[in-house]
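Coordinate analysis (summary)
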Amino acid sequence: MNSIKSVPARVLSRRPGHSLEAEREQFDKTQAISISKAINTQEAPVKEKHARRIILGTHHEKGAFTFWSYAIGLPLPSSSILSWKFCHVLHKVLRDGHPNVLHDCQRHRSNIREIGDLWGHLHDRYGQLVNVYTKLLLTKISFHLKHPQFPAGLEVTDEVLEKTAGTDVNNIFQLTVEMFDYMDCELRLSESVFRQLNTAIAVSQMSSGQCRLAPLIQVIQDCSHLYHYTVKLMFKLHACLPADTLQGHRDRFHEQFHSLRNFFRRASDMLYFKRLIQIPRLPEGPPNFLRASALAEHIKPVVVIPEEAPEDEEPENLIEISTGPPAEEPAVVADLFEQTFGPPNGSLKDDRDVQIETLKREVETLRAELEKIRLEAQRYVSQLKGQVNALEAELEEQRKQKQKALVDNEQLRHELAQLQAAQREGERSQGLREEAEKKASAIEARYHKLKEKHSELIGTHAELLRKNADTAKQLTVTQQSQEEVARVKEQLVFQMEQVKRESEVKLEEQSDLLEKLKKELEAKAGELARAQEALTRTEQSGSELSSRLDTLSAEKAALSSEVQRREAELLAAQGLVREKEAALSSERQRSSQESAELRGQLAGKESQEQELRRRLLDQQFEVLRSTAAEAERILQDAVAKLDDPLHLRCTSSPDYLVSRAQAALDAMSALEKGHAQYLVSRSDASALVAALTQFSYLAADTIINGGATSHLAPTDPADRLVDTCRECGARALELMGQLQEQQTLHQARPGLVRTPLQGILQLGQELKPKSLDVRQEELGAMVDKEMAATSAAIEDAVRRIEDMMNQARQASSGVKLEVNERILNSCTDLMKAIRLLVTTSTSLQKEIVESGRGAATQQEFYAKNSRWTEGLISASKAVGWGATQLVYVAPGRRRTGWCSTRASTKSSSSAPTRSQPAQPSSWLPPR
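Given the structure is predicted, the values throughout are model-derived calculations rather than measurements. Throughout this document, residue positions are counted from 1 along each chain, in the order its sequence is written. This being a predicted model, a pLDDT of at least 70 is required before a residue's local features are given, and a value of 80 or more before pairs of side-chain atoms are given or counted; all residues contribute to the totals for chains, interfaces and linings. Note that water and hydrogens are dropped before the side-chain values are worked out from all heavy atoms of the structure.

With that settled, consider the overall build of the chain. Counting its secondary structure elements, the chain contains 28 helices and 0 strands. Any residue under 20% of the maximum accessible area for its type is buried, any over 50% is exposed, and the rest in between are partly exposed; the area is computed with a 1.4 Å probe on protein chains only. Counting only residues that meet the buried cut, the chain has 36% of its 927 residues in that class. Any two residues whose heavy atoms approach within 4.5 Å at even a single point are treated as in contact. Residue pairs in contact within the chain that sit at least 24 positions apart in sequence constitute 78% of those at least 6 positions apart. Only DSSP runs of H or I with at least four residues qualify as helices, and only runs of E with at least two residues qualify as strands; both kinds are numbered from the N terminus onward.

Below you can see the structure in the form of structure tokens.
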């Protein structure tokens, strides 16, 4: 845009005496010539003056309509060089033209895409470049339409970038990807151009090389801004997302960084760019996004376009000078000839020749002065650029400091988060230790149960051994009894009893049988038969005993196998117990070691937490102190306005003063509550800071409005109000001073400011007018009275019109009767309409009153909406007066006829009587 300022104003200024159509034709002609000269088939770069005129044309017509109207007619498919220069001019128009150019180009996206696709399918060197260039232009148009915050020149402040990116990480992620795509298109174009230059062995001073290199000036300007914005966004993303998630972003950025650095290096080595643009140098390596403090080391690349005189625009000569070969030598020869032989033909030199020579010398002098002025201007421009660079460096240093402060704050937050995570880890370790202790106690309880089970198994095994011995003993005794039965009968009974006593526990049936045998033997001891039977039964019982012994033997074998199995289980249980004891001991040792380590870590974290808590308390108090200092400055400014002579012209109403004082009292309650909370917990000063900010603003507003109200108040109340405002300001300033010191923070009493605020509120209420209430109460009672009077007047008018109709029918006939009946019928219809209007308005009035007053009475609603009430009363009076006037005019019509009374009625109805009230301009129902 610097080149736009150097174009003469006559290009766009309207000439006097020319019409708008002539100016438009001249503008179209100038644009057509500039476009035809800028976009042609010559393999040479676009001249800057033609591009400037096209850009100025877009600003003149606030769009690119004329440019596109001529560009569409160009034979772009016939020449690749023509298409290449068209893309170059379109790029410059997009960057430096009017903002509406972007929307005009959006409507011709299909034309741009068709040109790129056409030349992309052809094997032409410029055609391949045109294909890449059109993709870049389409990407540029899409990006800037989607993000209108970025102008087509891509030059915005860091604040605008932060606002555009926002706080949503998804939006930041998407914006970064779109800028990467934008940068890829720019770098692809530069690589294609350099590749063709290397292939064609072209240099930057040849016209063919310059034709290809000229668009790279805009590419360098775009890339410098895109690189700065991607660095900012990448640091912002790394502050929100983990590093592994952004690995793809980092790889893509590193690839673009190396390509861009190579592009800048190669371009800065070319002579063509050295006189047209100052290319920045990128650092040796890309920024380290994993280290947040590296953002402070980032330096924004600045591209400088040096100021140069416009091409082909020489200063106008004062006189015509021939452009032939140099005439210095003939002039010297003529002077020597004249000095030797005198002037030709003996005459003196002509005065015009002397004047021409004088003018030539003056022209040379002026040229020398102009060159001197130009050099001095360039020197001034260089100095100013140096100052601008120094200011930009200072600004960048301040931004670095700000970024460093933000990074330190972020590190503190990260450390606090780590501390909290470590504390949670310690709590989790404490829970694991308690769980391990519970598991150990459970294992000990299980060990005790297994030990008890082992003891029980040992007792069971001993009991089984005893039972086995008893069974063997019983078997031996039974065998002995069988042998003795055969020899001695008397021993048989004893043996049977003995066997019965030994086996009565397990063999209940055998015991019964033995009892029966004992009784029979005692009863019939002497009988042989019974002895034989007893012998037989004894033999039977012996066989049963033998079978029983076999059964007991089988049971013994089963019990032995069961005992062996239980012993094996006991051994396995003992091995398991020993393993559990070993694991429990190792677990106890490991738990004790972990507990000791965790205690050490917890102690370190506690010390770090105490340090962070102390720093947090200091920061909270610093925020509170800064807020109190700012509030003190606000209050001092408000108190100073009480003595400011310029403030005497400011006035305020008591009602507004009362509302401000009441709001300040409400803020005072919040301030007291916030102060109490801060004294209880020093780690959170947000409530006190918010309440302090609101209170300072409201208190200052109350003091200022109190002084403004006193300017219209009587002398005594005004003096008291000003004194009260001064007292309020003094106490508030004292409170602000106490809140800025640690020693006096506990001594601060915010409630002391409440008394002067209440005094201001009371004085404001006393200054409110008192006569308005009485008048508003009277207005509330007048509405129903006027509406009733209007209804009565309408009823009376209707009745009188009916009487006049009856009289007309009796006294008139023919045409006169017909005319009078029509007139009276019209009056009757009019009165009916007025009656309907009054009825409808009464219903609407009740509906409005009932919907608007809420819990208030009807009189209070009328008093609150006094202006609407006055309008309603005025309207009702006007309707009643009109109805009465219509009845009074009707007899005159009957006497003089309709035509004679028409004018008088119109004039009388248009001029209201003295008693008719004027309708107020605010006669609208309250919303």
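So, on to helix H23 (residues 754–767). For H23, with 14 residues, the first-to-last C-alpha span of 20 Å sits near the 20 Å given by 1.5 Å per residue. Among all positions in H23, only Pro-756, Leu-757, Gly-759, Ile-760, Leu-761, Leu-763, Gly-764 and Leu-767 are buried. Expected helix span is given by 1.5 Å per residue-to-residue step, counting one fewer step than there are residues.

A few words on the packing of helix H22 (residues 715–739) against H23. To get an axis, fit a line to the C-alpha atoms, keeping to the stretch in contact for a helix; angles then go from 0 to 180 degrees between the N-to-C directions. It is at 8 Å that the axes of H22 and H23 come closest, and there the two elements cross at 155 degrees. Classified by the angle between their axes, H22 and H23 sit roughly antiparallel to one another. Between H22 and H23 lies a crossing of left-handed hand. For the pair H22 and H23, the contacting residues are Pro-717, Arg-720, Leu-721, Thr-724, Cys-725, Glu-727, Cys-728 and Arg-731 in the first and Thr-755, Pro-756, Leu-757, Gly-759, Ile-760, Leu-763, Glu-766 and Leu-767 in the second. Polar here means any residue other than Ala, Val, Leu, Ile, Met, Phe, Trp, Tyr, Cys and Pro, which are nonpolar, and Asp, Glu, Lys and Arg, which are charged; Gly is therefore polar. Counted by class, the contact of H22 with H23 contains 9 nonpolar, 3 polar and 4 charged residues. Any angle between 65 and 115 degrees counts as roughly perpendicular, while under 35 counts as roughly parallel, over 145 as roughly antiparallel, and the rest as oblique. By definition, turning the near helix anticlockwise from the far helix through less than a right angle yields a left-handed crossing, and turning it clockwise yields a right-handed one.

Now for the pattern of salt bridges. Any two side chains of opposite charge can pair, given that their charged atoms come close. The salt bridge definition used is simple: a Lys or Arg side-chain nitrogen within 4 Å of an Asp or Glu carboxyl oxygen. Applying the stated criterion across every chain yields a total of 27 salt bridges. A salt bridge links Arg-614 to Glu-611; the nearest nitrogen and oxygen atoms lie 2.2 Å apart. Taken together, the residues Arg-614 and Glu-611, both in helix H19 (residues 528–641) and 3 residues apart, mark about one turn of the helix. Judged by relative accessible area, Glu-611 falls into the partly exposed class, the value being 36%. The salt bridge involving Arg-614 is made with Asp-618; its shortest N-O contact spans 3.3 Å. Taken as a pair, Arg-614 and Asp-618 lie in helix H19 at a separation of 4 residues, close to a single helical turn. According to the relative accessible area criterion, Asp-618 is partly exposed, its value standing at 39%. Taken together, the shared-partner salt bridges connect Arg-95, Lys-140 and Asp-222 into one network.

Viewed as axis vectors pointing N to C, helix H20 (residues 654–680) and helix H21 (residues 686–710) meet at an angle of 155 degrees, and their least axial separation amounts to 8 Å. The angle between the axes of H20 and H21 places the two elements in the roughly antiparallel class. The interaxial crossing formed by H20 with H21 has left-handed handedness. The residue inventory of the contact of H20 with H21, partitioned by class, reads 19 nonpolar, 8 polar and 2 charged.

Only buried residues count toward a nonpolar core. Its members are Ala, Val, Leu, Ile, Met, Phe, Trp, Tyr and Cys residues joined through side-chain atoms within 4.5 Å. Among the nonpolar cores identified, the biggest contains 88 residues, and Phe-67, Phe-263 and Phe-273 are the most heavily contacted of them. Counting residues per element, this core draws most heavily on helix H12 (residues 216–238), at 13 residues. Filtering out sequence-adjacent residues up to four positions away, Phe-67 remains in contact with Ile-35, Ile-39, Ile-54, Glu-61, Phe-86, Val-89 and Leu-90.

To find leftover empty space, one rolls a probe the size of a water molecule over the atoms. Using protein atoms alone on a 1 Å grid, points that fit a 1.4 Å probe yet trap it form a cavity, whereas open point sets bounded by protein on both sides within 12 Å along at least five of seven lines form a pocket; residues with an atom within 4 Å of a point count as lining. Grid points are joined across faces, edges and corners, and a volume is the space filled by probe spheres set on the points. Tallied over the entire structure, the rule returns 5 cavities of 30 Å³ or more. Put simply, the second largest cavity is a space of about 60 Å³. Around the second largest cavity, the lining residues are Arg-731, Glu-734, Leu-735, Gln-738, Arg-749, Leu-752 and Val-753.

Glancing now at the packing of aromatic side chains. Aromatic pairing here means that ring centres of Phe, Tyr or Trp (its six-membered ring) are within 6.5 Å. Orientation follows from the plane angle: under 30 degrees is stacked, over 60 is edge-to-face, and everything else is tilted. Evaluated as defined, the whole model comprises 16 aromatic pairs. Ring geometry for Phe-67 versus Trp-68: centroids 5.8 Å apart, planes at 75 degrees, classification edge-to-face. Accessibility expressed as a relative area gives 3% for Trp-68, which makes it buried. Their ring planes at 70 degrees and their centres at 5.4 Å tell us that Tyr-272 and Phe-273 sit as a pair that is edge-to-face. Accessibility classification places Tyr-272 together with Phe-273 in one group, the buried group.

Compared with the 24 Å implied by 1.5 Å per residue over 17 residues, the 24 Å span of helix H5 (residues 80–96) between its first and last C-alpha is a close match. With 17 of its 17 residues buried, H5 lies for the most part within the structure. Polar contact is defined as a pair of N or O atoms within 3.5 Å, subject to the rule that within protein one atom must be able to donate a hydrogen and the other to accept it, and that residues adjacent in sequence are counted only when both atoms are side-chain atoms. Capping of H5 at its N-terminal end is provided by Ser-79; its side-chain oxygen lies 3.5 Å from the backbone amide nitrogen of Ile-81.

Secondary-structure assignment places Gln-256 in helix H13 (residues 247–268). A distance of 2.8 Å separates a polar side-chain atom of Gln-256 from the backbone oxygen of Phe-180. With residues near it in sequence (within four places) discarded, Gln-256 still touches Phe-180, Met-183, Asp-184 and Leu-187.

Within the secondary structure layout, Gln-31 lies in helix H2 (residues 20–38). Contacts of Gln-31, omitting those with residues within four sequence positions, involve Arg-53, Ile-54, Gly-57 and Thr-66.

What follows is about the confidence of the model for the chain. Looking at any residue, its pLDDT shows the predictor's confidence there, from 0 to 100. Averaged over the chain, the pLDDT score is 76; the fraction of residues at 70 or greater is 77%. Within the model, the stretch residues 309–342 combines pLDDT values under 50 with 20 contacts to residues more than four positions away or in other chains.

This brings us to unusual backbone geometry. Although it is not a glycine, Lys-62 adopts a positive phi angle of roughly 55 degrees. Relative to the elements of secondary structure, Lys-62 occurs in the loop between helix H3 (48–61) and helix H4 (65–71). Judged by its relative accessible area of 55%, Lys-62 falls in the exposed class. At Leu-154, a position not held by glycine, the phi torsion is positive, near 65 degrees. The topology assignment puts Leu-154 in the loop between helix H8 (125–146) and helix H9 (158–165). Residue classification places Leu-154 among the buried positions, given a relative accessible area of 0%.

Moving on, we come to the environment of Ile-72. Relative to the helices and strands, Ile-72 is located in the loop between H4 and H5. It is 8.1 Å that separates the C-alpha atoms of Ile-72 and Asn-111, two residues lying 39 residues apart in sequence.

What follows concerns the environment of Cys-185. For Cys-185, the location among the structural elements is in helix H10 (residues 169–200). What makes Cys-185 buried here is its relative accessible area of 10%. Considering only alpha carbons, one finds Cys-185 and Leu-138, 47 residues apart in sequence, at a separation of 9.9 Å. Beyond its immediate chain neighbours, meaning those up to four positions away, Cys-185 contacts Lys-135, Leu-136 and Thr-139.

Mapped onto the fold, Cys-211 is located in helix H11 (residues 207–213). Since its relative accessible area comes to 2%, Cys-211 is described here as buried. In the structure, Cys-211 is positioned 127 residues away from Trp-84 in sequence and 8.9 Å away in space, judged by C-alpha atoms. For Cys-211, the residues in contact, after removing those within four places along its chain, are Glu-43, Ala-44, Pro-45, Trp-84 and Tyr-126.

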